[in-house]
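Chain residues, written in single-letter form:
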Protein chains: 2
Amino acid sequence: MATLRVLGVDPGLTRCGIGVVDVAADRSARLVHVGVIRTEAGTAIEHRLAALAEGLREVVRAYGPAVVAVERVFAQHNRQTVMGTAQASGIALLVAGEAGLPAATHTPTEVKAAVTGYGAADKRQVQTMVARVLRLDALPQPADAADALALALCHAWRRGPSAASPAGALTPAQQRWADAERLARR
Amino acid sequence: MATLRVLGVDPGLTRCGIGVVDVAADRSARLVHVGVIRTEAGTAIEHRLAALAEGLREVVRAYGPAVVAVERVFAQHNRQTVMGTAQASGIALLVAGEAGLPAATHTPTEVKAAVTGYGAADKRQVQTMVARVLRLDALPQPADAADALALALCHAWRRGPSAASPAGALTPAQQRWADAERLARR
């Protein structure tokens with residue numbers, strides 16, 4: 001059965017969550033790799049971003065994903081960290097583009113809804129469902145890594161061959177997200 | 001006389017301003033290069049960021065700056081564009097880091113104050129002063145390019161050998177900026 005290999009990235013400067021999964025057309029999924037790329041808070045920002053880019057390139061080289069899914073960052077989040085998170089997401093998208101891979105972004109609410117069926121699910125519920133879907137013996141740790149796996153699953157399930165809605169037939173909620181995404185990209 | 005070659009970057013996805021100046025110890029400055037890197041709004045974000053990175057790398061290769069100065073982005077700015085601007089600033093910092101160049105960020109207020117002596121100066125005042133300092137026949141266009149030149153001048157004048165304040169002796173306003181910068185980097 002054809003599978004889609006997805007690299008999920010939960011962007012961050014101090015901890016960037018990384019998750020690679022294989023997802024089959026019947027929505028079953030297998031864990032390929034999970035980890036965290038860390039950079040030191042005391043290091044110059046240009047070196048942190050370069051280390052993050054190199055870490056992401058290594059993951060792409062090692063596991064050969066077909067697509068990269070990155071968590072969408074919003075400006076209204078914590079102002080002290082949002083710029084670093086946005087810069088880290090830009091690096092993840094750049095690494096995808098330079099590797100010739102398509103990239104996609106998903107909001108935290110989309111990820112929670114796709115994985116648990118409930119957009120306001122808490123971290124524990126997301127981790128529990130990720131562990132169940134991937135048949136892990138323990139909850140994926142740390143939370144950034146679990147979020148990266150959830151992102152990868154979300155991407156495959158939303159865009160995969162068995163997606164419930166054909167392209168162009170968005171639900172009202174999906175349409176609102178699509179509109180918000182278009183605005184955010186301007 | 002020793003000069004410092006500075007690449008100033010006014011980050012943006014649609015238009016990224018680029019300015020290269022040579023600044024002497026007596027604060028006199030010479031225009032080396034000015035331009036804008038554009039990416040198409042309809043293109044996928046991962047390709048826009050890759051094109052921006054390649055454009056910036058070309059400028060670094062062609063002009064060999066000693067340092068890269070990037071405008072600091074704040075989360076409270078226009079929410080529809082701030083994420084793209086933050087991602088573009090991350091790419092500029094990455095290109096600096098991967099080229100082995102130190103990078104620095106300066107706020108718009110710091111740039112205006114350094115170039116015009118007035119932190120609330122308008123764009124026209126900044127352009128006029130940049131044109132005067134660099135002995136240009138016309139105001140630098142577009143505004144993104146003028147801002148990039150102003151950033152480069154600001155960086156050289158604030159960090160240069162003839163800086164008024166020795167390291168460690170910040171004015172109260174500079175100290176507030178330094179504190180805000182530390183917070184923003186966390």
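Residues numbered from 1 in each chain as written. Chains lettered and ligands numbered in written order. Predicted model: local features only at pLDDT ≥ 70, side-chain atom pairs only at ≥ 80, totals over all residues. Heavy atoms only, no water.

Asker: Any details on the pairing of strand β1 (residues 3–10) of chain B? Residues and values, ideally.
Answerer: Residue and element names in this part refer to chain B. Here β1 pairs with strand β2 (residues 15–24) via eight bridges, running antiparallel. Bridge pairing links D10 to G17 in β2. Where β1 meets strand β4 (residues 67–71), four bridges bridge the pair, whose relative direction is parallel. Paired with L7 across the two strands is V68, which belongs to β4. (Pairing = 2+ DSSP bridges. Helix = DSSP H or I, 4+ residues; strand = E, 2+ residues; numbered from the N terminus.)

Asker: Talk me through helix α3 (residues 108–116) of chain A; I want residue IDs and the actual numbers.
Answerer: Residue and element names in this part refer to chain A. Listing the buried residues of α3 in full gives E110, V111 and V115. Here the buried residues of α3 occupy an arc of 115 degrees about the axis, which is enough to place them on one side. Count one or two residues on from α3 and you reach G117, which has phi positive near 80 degrees. (Buried < 20%, exposed > 50% of the residue type's maximum accessible area, 1.4 Å probe, protein only. Arc of directions from axis to C-beta.)

Asker: Please give an account of the sheet that holds strand β4 (residues 67–71) of chain A that cites residues and values.
Answerer: Adjacent strands of a sheet pair through backbone hydrogen bonds, lying either parallel or antiparallel. Residue and element names in this part refer to chain A. Ordered by their spatial adjacency, five strands build an open sheet running β3-β2-β1-β4-β5, and the pairing between neighbours is mixed. The open sheet has two edge strands with one neighbour each: β3 (29–38) and β5 (103–106). Within the sheet, the average angular offset between the axes of one strand and its neighbour, ignoring direction, is 20 degrees. (Axes fitted to C-alpha atoms, helices over the stretch in contact; angles between N-to-C directions.)

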